[in-house]
Amino acid sequence: MITRLAKAGLAAALSVTVLSTGAAVATAAPVIATAAPATAPAPSAQHVTVSQAGNYPVFAHDSTNMGVTWTSAGTADLTGPTHLTVDLPPGVTTSGALFYNTPYDYTFTETVSPDGRHLEAVFTATRTPGSSNFMKVYLATNGTAPATGPITVTVGNPNDTDPTGHVSTYLLGTGPQPPTVQGAPAVAALGTTTGPGAGGTALTVRGTDLAHGMVLVGGVPAAGSCTDTACTVTTSGGSGSAPVSVVTPGGTATAPAAFDYTGAPPPAPAAPVVSALTAAGGPVAGGTRVYVQGSNLTYGTVAFGGVPAAHVSCGPSFCTAYAPAAAQPGPVGVTVTTAGGTSAPVTYTYTA
């Protein structure tokens, strides 16, 4: 198993701390898909699409790479965790993906199955409509003949209700395949509904059309993997009653029961610290892009004089934010708030 954690940030909507990536990921079941629907689904303000391209393996012994691109295609900012999977045919393996993007206002984690044929990644950030991100996936073959079969890439986000554009398939030796749509998921039951607040509970989620799924417990991704009929994950820490849902390329399904954390919750994260702003000020009309630098900023929200900023995306040491409009010129304090508290203010000055 390979797990890498990039410098990064989780969307402000999430209020719990780290993404857990310690569990091994088993090869997922094939996509249960149908041809793209003849009639367009209801539009989704937050929508993400995925595509693939690159130097696919053509020899029995080959070492190359492919690219996976996901694009915010809706009319509103894409927020929350975006889940990506790559499934490879027999004879093709991956050692992992390379993801590097600036500014570092996101989180990115990846896990590779023991057999090297299934990769999962979770990217969490705020992205404006039309913006794209890209990861390079390393591929290798070591057989007696060139590999054949499909390379399937999927994407899913809990805020995206439009299932189109979520599945991309390339058939080795043939080329790109027509668009498909995975069936909508359904969750029938949870294997257990309680566990300690510190996390670490093995949780099985049973249902249908769960392939390529990401399990959210209290809105936070849980480490693990899904087949078409079940997901096996490990809970992260939390408190109280947490809803459980499975996000797939076909949509999001909520479990009929919640997961109840018992006992003491995990320690609160360290308080955020803001050390500098890349812009000292801007017009009262707002709209100035400001990079906020500091520490412990993951999952943060940014405010200017108590007024929430727009298009906020935070990583551990970096946030992107756009200044809101102000009532009048003058200095205000810029703060970042996380589950660990609110930072001391740093001055930003509005000008006429």
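One can find the structure itself at the top, above this paragraph.
Quantities reported herein were computed from a predicted structural model and do not represent experimental measurements.

Draft legend 1. How the structure looks around the state of the cysteines. Under the definition given, this model contains two disulfides. Between cysteine 226 and cysteine 231 runs a disulfide, and the two sulfur atoms are separated by 2.0 Å. Between cysteine 226 and cysteine 231, the S-S dihedral sits near 105°, and the bridge is therefore right-handed. Of the two residues examined, cysteine 226 and cysteine 231, each falls in the buried class. What pairs with cysteine 314 in a disulfide is cysteine 319, and their sulfur atoms sit 2.1 Å apart. Across the S-S bond of cysteine 314 and cysteine 319 the torsion is about 110°, and the bridge reads as right-handed. Overall, cysteine 314 belongs to the buried group, its relative accessible area being 1%. Residue class for cysteine 319 comes out buried when judged on its relative accessible area of 0%. Sequence-ordered numbering of the bonded cysteines in the chain gives a disulfide pattern of 1-2, 3-4.

Draft legend 2. Expanded view of the sheet that holds strand β32 (residues 318–322). Spatially, β26-β28-β32-β31 is the arrangement adopted by the four strands of the open sheet, whose pairing is antiparallel. The two strands at the open ends of the sheet, each matched to only one other strand, are β26 (273–277) and β31 (310–314). Here the strands of the sheet are splayed against their neighbours by 25° on average, with no regard to which way each runs. Pairing of strand β28 (residues 289–295) with β32 involves five bridges; the strand directions are antiparallel. Note on β32: the bridge partner recorded for valine 290 is alanine 321.

Draft legend 3. View of the pairing of strand β3 (residues 48–55). Pairing analysis gives eight bridges linking β3 to strand β4 (residues 61–72), with the strands arranged antiparallel. Across the sheet, residue threonine 49 finds its bridge partner in β4, namely threonine 71.

Draft legend 4. Main features of the pairing of strand β21 (residues 230–234). Here β21 shows a clear split, with Cys231 and Val233 buried on one side and none of Ala230, Thr232 and Thr234 buried on the other. Across five bridges, strand β17 (residues 202–208) lies against β21 in antiparallel orientation. Opposite alanine 202, over in β21, you have threonine 234 as the bridge partner. Pairing geometry for strand β20 (residues 223–226) and β21, over four bridges, is antiparallel. What sits directly across from cysteine 226, in β21, is cysteine 231.

What counts as what
Per chain, residues are indexed from 1 in the order of the written sequence. Totals for whole chains, interfaces and linings use all residues, but because this is a predicted model, local features are given only for residues with pLDDT of at least 70 and pairs of side-chain atoms are given and counted only at 80 or more. The side-chain values count all of the structure's non-hydrogen atoms but skip hydrogen atoms and water molecules. In this description, a disulfide is simply a cysteine sulfur pair whose atoms lie within 2.5 Å. Using a 1.4 Å probe on the protein chains alone, a residue whose accessible area is under 20% of its type maximum counts as buried, one over 50% counts as exposed, and one in between counts as partly exposed. Pairing between two strands requires that DSSP report at least two bridges joining them. Elements are defined by DSSP. Helices are runs of H or I of four residues or more, strands are runs of E of two residues or more, and each kind is numbered from the N terminus. Interaxial angles span 0 to 180 degrees and are taken between N-to-C directions of axes, which are lines fitted to C-alpha atoms, for helices over the stretch in contact.

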